[in-house]
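Each chain, written out:
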Amino acid sequence: MKKHLHFLVGLTALLAVGCSTPTDSKIEIVKRGIDHARYQLTQAAAEFDTLAGFPRSLMPKFKEVAPKDWTSGFFPGSLWLGYELTGDENLRAEAEKYTKRLEGIQFYKGTHDLGFMVFCSFGHQQLNLKDEHSAEVIVEASKSLISRCDPKVGLIRSWDFGKWNYPVIIDNMMNLEMLFWASKHTGDPVYRDVAVRHADITMVNHFREDASSYHVVSYNNDGTVESQGTFQGYADDSAWARGQGWGLYGYTMCFRETGDRKYLDHAERIAQFVMNHPATPEDRIPYWDYNAPDIPAAPRDASAAAVMASGLFELSTLVEDGQKYFDYAEQLLLTLSSDKYLAAKGTNGGFVLMHSVGHWPATSEIDTPLNYADYYYLEAVSRYLKLRGIDPRTI
């Protein structure tokens, strides 16, 4: 009965959000974003046709990465999203070609990022082609991912490097969706059980009273906390913007997959932190860290904004008062679709968005396009138009 109530609440919220007709100007802005993305993705796919890897960023030239890089699945995923939004068969062919380059990665057990790498690529391929091979790849990747979970700690280990005993990063919440899918597809609860336990323990140890999150929490072998801090944020006690997006998106997804109200409540708490933070600029695109010392001169992070927008669009459908989340996400999306962040055709190395921040403490990928910013931007566009009841291929 509880699941039925959640469904009715979500459906009511969805209808409430979608009953007002968007202004033509807003749709035209989003349509332009799709058109630019189609052009840019086509150009980038052609540019990398003779190479073996995937475009990740500009530093200032193309940074090409191999399949084992944590970002390898985002470019194939963006191609699939581009196809879903436009129906362009050339994008579909490119999506299949670049997804095929990831063959074998499902057996790699040296990373926690298999959700990003496999579910963003083969996940879309399976959705579009309904092919059994893609499903097999996703399940095998899920087996590899849960092999990184020590039962005594109860979480999927993130990195195999550094000073930490057993590091777990907030980004890992994004890799759990693949595990939920694997359990539904196979009927085996083991993947879901690992995902739920990981989400539960992360909720306890990764978040502060104000719902901001640490980036890295390391554990002792008995499961007690060794340390709480950051690697990519400004300071151990700061709020790294993309980390807030990972948490918001991740716990919204966990509620969708489980119906457990605690995940929804937690996602809303994170959303309130994001939406009401005094350091948030007027256009809502966050600085790379909410506690960056040089605000308002600090770089913005379009990747964080894209993740937040996509997560908030989904969150808006799961609560009765979802309009506030929809409105905030819509403002993020429209800003990202403006000339300030949307790249002109033929520029930006073929990437769709400008002005993201990868790893500020390492002075790596600062104020540059990033392939995961493009992926979550396109996903946000797709979710936005679905909520409006609009087929993107008809606009």
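Before any of the text, the structure's been laid out above.
This structure is a prediction, so every number in the text was calculated from the model and none was measured. (Residues numbered from 1 in each chain as written. Predicted model: local features only at pLDDT ≥ 70, side-chain atom pairs only at ≥ 80, totals over all residues. Heavy atoms only, no water.)

**Q** An account of the sheet that holds strand S5 (residues 225–229) is requested, with residue identities and associated values reported.
**A** Strand order across the open sheet formed by 3 strands is S3-S4-S5, with antiparallel pairing between neighbours. Taken across any chain shown, the strands that pair with only one partner, and hence form the sheet edges, are strand S3 (167–169) and S5. Here the strands of the sheet are splayed against their neighbours by 20 degrees on average, with no regard to which way each runs. Looking at chain direction, strand S4 (residues 216–219) and S5 are connected through 4 bridges and run antiparallel. Directly across from Ser-218, in S5, lies its bridge partner Ser-227. Its contacts with the sheet put helix H9 (residues 190–205) on S3, S4 and S5, and the angle it makes with S4 is roughly 105 degrees. (Pairing = 2+ DSSP bridges. Helix = DSSP H or I, 4+ residues; strand = E, 2+ residues; numbered from the N terminus. Axes fitted to C-alpha atoms, helices over the stretch in contact; angles between N-to-C directions. Contact = heavy atoms within 4.5 Å.)

**Q** Any chance you could break down the packing of helix H2 (residues 24–47) against helix H4 (residues 89–100) for me, citing the residues and the numbers?
**A** At a minimum axis distance of 11 Å, the contact between H2 and H4 shows a crossing angle of 45 degrees. Considering their axes alone, H2 and H4 lie oblique with respect to each other. Crossing angle aside, the handedness with which H2 passes H4 is left-handed. Every residue of H4 that contacts H2 at Arg-38, Leu-41, Thr-42, Ala-44 and Ala-45 is listed here: Asn-90, Leu-91, Glu-94 and Tyr-98. In the contact of H2 with H4, the residues fall into 5 nonpolar, 2 polar and 2 charged. (Parallel < 35°, antiparallel > 145°, perpendicular 65-115°, else oblique. Left-handed = near helix turned anticlockwise from the far one by under 90°. Nonpolar A, V, L, I, M, F, W, Y, C, P; charged D, E, K, R; others polar.)

**Q** Describe the nonpolar core, and please don't skip the residues or the numbers.
**A** The biggest cluster of nonpolar side chains holds 116 residues, and the ones touching the most others in it are Val-118, Leu-176, Leu-312, Tyr-376 and Tyr-377. Broken down by element, this core gets its largest block of residues, 11 residues, from helix H14 (residues 371–387). Among residues more than four places away in sequence, those in contact with Tyr-377 are Gly-33, Ala-306, Leu-333, Leu-336, Ser-337, Leu-342, Val-352 and Leu-353. Core analysis: the second largest hydrophobic core is formed by 8 residues, Val-153, Leu-155, Tyr-214 and Tyr-219 among them. (Core = buried A, V, L, I, M, F, W, Y, C linked by side-chain atoms within 4.5 Å. Buried < 20%, exposed > 50% of the residue type's maximum accessible area, 1.4 Å probe, protein only.)

**Q** Before we move on, could you go through the packing of aromatic side chains and cite the residues and values that matter?
**A** Under the definition given, this model contains 28 aromatic pairs. In this structure an aromatic cluster arises from ring pairing among Trp-70, Phe-74, Phe-116, Trp-246, Tyr-249, Tyr-372, Tyr-375 and Tyr-376. Stacked on the ring of Tyr-166, the Lys or Arg Arg-157 has its end atom at 5.3 Å from the ring centre. Note that Arg-393 overlies the ring of Tyr-83, its terminal NZ or CZ placed 5.0 Å from the centroid. (Phe/Tyr/Trp six-rings, centres within 6.5 Å; stacked < 30°, edge-to-face > 60°. Lys NZ or Arg CZ within 6 Å of the ring centre and 35° of its normal.)

**Q** Any details on the packing of helix H10 (residues 241–258) against helix H11 (residues 261–276)? Residues and values, ideally.
**A** Contact pair H10 / H11: the axes reach a minimum separation of 8 Å and the direction vectors enclose 155 degrees. Classified by the angle their axes make, H10 and H11 are roughly antiparallel. Seen from above, H10 lies across H11 with left-handed handedness. From H10, Gln-244, Gly-247, Leu-248, Tyr-251, Thr-252, Cys-254, Phe-255 and Thr-258 reach across to H11, where they touch Arg-261, Tyr-263, Leu-264, His-266, Ala-267, Ile-270, Ala-271, Phe-273 and Val-274. Of the residues that constitute the contact of H10 with H11, the class distribution is 11 nonpolar, 5 polar and 1 charged.

**Q** Give a detailed account of the environment of Asp-374, specifying residues and quantitative values.
**A** Inspection of the secondary structure puts Asp-374 in helix H14. Residue Asp-374 is classed as buried on the basis of its relative accessible area of 4%. C-alpha separation for the pair Asp-374 and Asp-131, spaced 243 residues apart in sequence, amounts to 25 Å. For Asp-374, the residues in contact, after removing those within four places along its chain, are Ser-78, Phe-351, Val-352 and Leu-353.

**Q** Quick rundown of unusual backbone geometry? Include the residues and the values.
**A** With glycine set apart, most residues show a phi of negative sign, and most peptide bonds adopt trans. Following Ile-295, the chain continues into Pro-296 via a peptide bond in cis, with omega recorded as 10 degrees. Checked against the element boundaries, Pro-296 lands in the loop between H11 and helix H12 (302–315).

**Q** Kindly report on helix H8 (residues 176–186), identifying the contributing residues and their values.
**A** Residue pairs spaced three or four apart in an α-helix point in one direction, given the helix's 3.6 residues per turn. Burial runs high along H8: 8 of the 11 residues are buried. For H8, the complete set of buried residues consists of Leu-176, Glu-177, Met-178, Leu-179, Phe-180, Trp-181, Ala-182 and Ser-183. Residues of H8 that are buried make contact with helix H5 (114–119), helix H6 (122–129), helix H7 (132–146), H9 and H10. One or two residues past the end of H8 sits Gly-187, with phi positive at roughly 80 degrees.

**Q** So what's going on with the state of the cysteines? Which residues, and what values?
**A** When the sulfur atoms of two cysteines share a covalent bond, that bond is a disulfide. Under the criterion given, the structure shown has 0 disulfides. A disulfide-free cysteine, Cys-120 has its sulfur positioned 15 Å from the sulfur of Cys-254, the nearest such atom. Unpaired in this structure, Cys-149 has its nearest cysteine sulfur neighbour in Cys-254, at a distance of 14 Å. Judged by its relative accessible area of 16%, Cys-149 falls in the buried class. (Disulfide = S-S within 2.5 Å.)

**Q** Describe the pattern of salt bridges, naming the residues involved and giving the relevant values.
**A** Per the counting criterion, the structure on display carries 24 salt bridges. Put simply, Asp-35 and Lys-345 hold a salt bridge, and the shortest N to O gap is 2.6 Å. Highlighted residues: Asp-35 in helix H2 and Lys-345 in the loop between helix H13 (323–336) and strand S6 (356–359), separated in sequence by 310 residues. On the basis of relative accessibility, which here comes to 38%, the residue Lys-345 falls in the partly exposed class. As a salt-bridge pair, Arg-383 and Glu-314 come within 3.7 Å of each other at their nearest N and O atoms. A residue pair is termed long-range when its members are at least 10 positions apart, and Arg-383 in helix H14 and Glu-314 in helix H12 qualify at 69 residues. Here Arg-383 and Glu-314 have matching classes, each one buried. (Salt bridge = Lys/Arg side-chain N within 4 Å of Asp/Glu carboxyl O.)

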